[in-house]
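Here is how the chains run, residue by residue.
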Amino acid sequence: MLIELIDVHKYYVTGLTTIKALNGISLKINKGEFVSIVGPSGSGKTTLLNVIGLLDRPTKGKIILENKDVSRLSDDELSSLRAEKIGFIFQTFNLIPNLTAKENVELASAFSNKVRDPEKKALELLKMVGLEDRVNHKPSQLSGGEQQRVAIARALMNDPIILLADEPTGNLDSKTSLEVLEIFKSLNKKGVTILLATHNMALAEEANRILYMKDGRIENEVKEGY
């Protein structure tokens, strides 16, 4: 078992209102799975990713990562775990404008001691995502699809145990979305565990498991190949 959530709740308090973003989630994710999360806006998809990615602490419940309860670790311990074990890909790319593609990818190694030669590793990853001829281009010189490929390479810099992608094709056209999906499928075949939140059912259906969320709960699940 790679990750397990046990009766996880996440509440946000705004004024006199309590928003129940996650409402009793129990979930197991095995190494090498490709899992998609679908559901309407506000269903809890992003919050679930943030909790699994240790960006948010659960209000109640436990998160087990590689057989260790990480729910109550210190902020420094969580930060170290995120850098060492979790890769994030976002809809908005989050690249640093004044850095080149190579420098954006290299930057991820600054938060971990796992990479001995960051420049070499960055070049290898950019080649893997088909950007070997764009390594010295800055984000403004890249298309949306190319920027997302840089973001994928950056997320893989520290060899994470799981890749979390939140609407990674939301700002891309359909052709580019399919190209990004092919990268995910290729990574998954190599053993990378992927958890993908998306509104795009064509993308979601390429995963081995589909989790349907509503009102902070997993309402239904479809499994294929497990």
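Coordinates for the structure precede this section.
A brief report on the enclosed structure follows.

How each quantity is defined
- Residues numbered from 1 in each chain as written.
- Predicted model: local features only at pLDDT ≥ 70, side-chain atom pairs only at ≥ 80, totals over all residues.
- Heavy atoms only, no water.
- Core = buried A, V, L, I, M, F, W, Y, C linked by side-chain atoms within 4.5 Å.
- Buried < 20%, exposed > 50% of the residue type's maximum accessible area, 1.4 Å probe, protein only.
- Helix = DSSP H or I, 4+ residues; strand = E, 2+ residues; numbered from the N terminus.
- Contact = heavy atoms within 4.5 Å.
- Patch = residues over 30% accessible without salt bridge, like charges linked within 9 Å, V, L, I, M, F, W, Y side chains within 5 Å.
- Areas by Shrake-Rupley, 256 points an atom, 1.4 Å probe, with all protein chains shown as cover.
- Salt bridge = Lys/Arg side-chain N within 4 Å of Asp/Glu carboxyl O.
- Pairing = 2+ DSSP bridges.
- Axes fitted to C-alpha atoms, helices over the stretch in contact; angles between N-to-C directions.

### With respect to the nonpolar core
Ranked by internal contacts, the top residues of the largest apolar core, which has 35 residues, are Ile152, Leu163, Phe184 and Leu187. Elements with a contribution of two residues or more to this core: helix 3 (101–107), helix 4 (118–128), helix 5 (144–155), strand 7 (162–166), helix 6 (174–189) and strand 8 (193–197). Once residues lying within four places of it in the same chain are set aside, the contact partners of Ile152 are Ile89, Val129, Val180, Ile183, Phe184 and Leu187. One finds Leu5, Ile25, Leu48 and Val51 within the second-largest nonpolar core, a separate group that totals 30 residues.

### Considerations on a nonpolar patch on the surface
Together, Ile96, Leu107 and Phe111 make up an exposed nonpolar region whose accessible area comes to about 280 Å². Relative to the assigned elements, Ile96 resides in the loop between strand 6 (86–90) and helix 3. Residue Ile96 is classed as partly exposed on the basis of its relative accessible area of 32%.

### A closer look at the pattern of salt bridges
Taken as a whole and judged by the stated rule, the model has 12 salt bridges. Close ionic contact of Lys121 with Asp159 constitutes a salt bridge, the shortest N to O distance being 3.3 Å. Of this pair, Lys121 sits in helix 4 while Asp159 sits in the loop between helix 5 and strand 7; the two residues are 38 residues apart in sequence, bridging distant segments of the chain. Among the ionic pairs, Lys185 bridges to Glu182, the shortest N-O distance being 3.5 Å. Linking Lys185 with Glu182, this pair stays in helix 6, spanning 3 residues, or about one helical turn.

### Side note on the side chain of Thr169
Looking at the element boundaries, Thr169 is found in the loop between strand 7 and helix 6. Excluding its chain neighbours within four sequence positions, the residues that come into contact with Thr169 are Ser177, Val180, Asn200 and Leu203.

### Quick look at unusual backbone geometry
Although it is not a glycine, Asn94 adopts a positive phi angle of roughly 60°. Turning to its location among the elements, Asn94 is positioned in the loop between strand 6 and helix 3. Even without glycine at this site, Glu167 takes up a positive phi of about 50°. The buried category is assigned to Glu167, whose relative accessible area is 12%.

### Concerning the sheet that holds strand 10 (residues 217–223)
The 6 strands lie next to each other as 6-7-8-3-9-10, forming an open sheet whose pairing is mixed. For this open sheet the edge positions go to strand 6 and strand 10, each flanked by a neighbour on one side alone. The average undirected angle you get between the axes of adjacent strands in this sheet is 15°. Where strand 3 (residues 34–38) and strand 8 come together, 4 bridges link them in parallel fashion. Its bridge partner being in strand 8, Phe34 is matched across the sheet by Ile194. Relative to the sheet, helix 5 contacts strand 6 and strand 7, its axis offset from that of strand 6 by approximately 165°.

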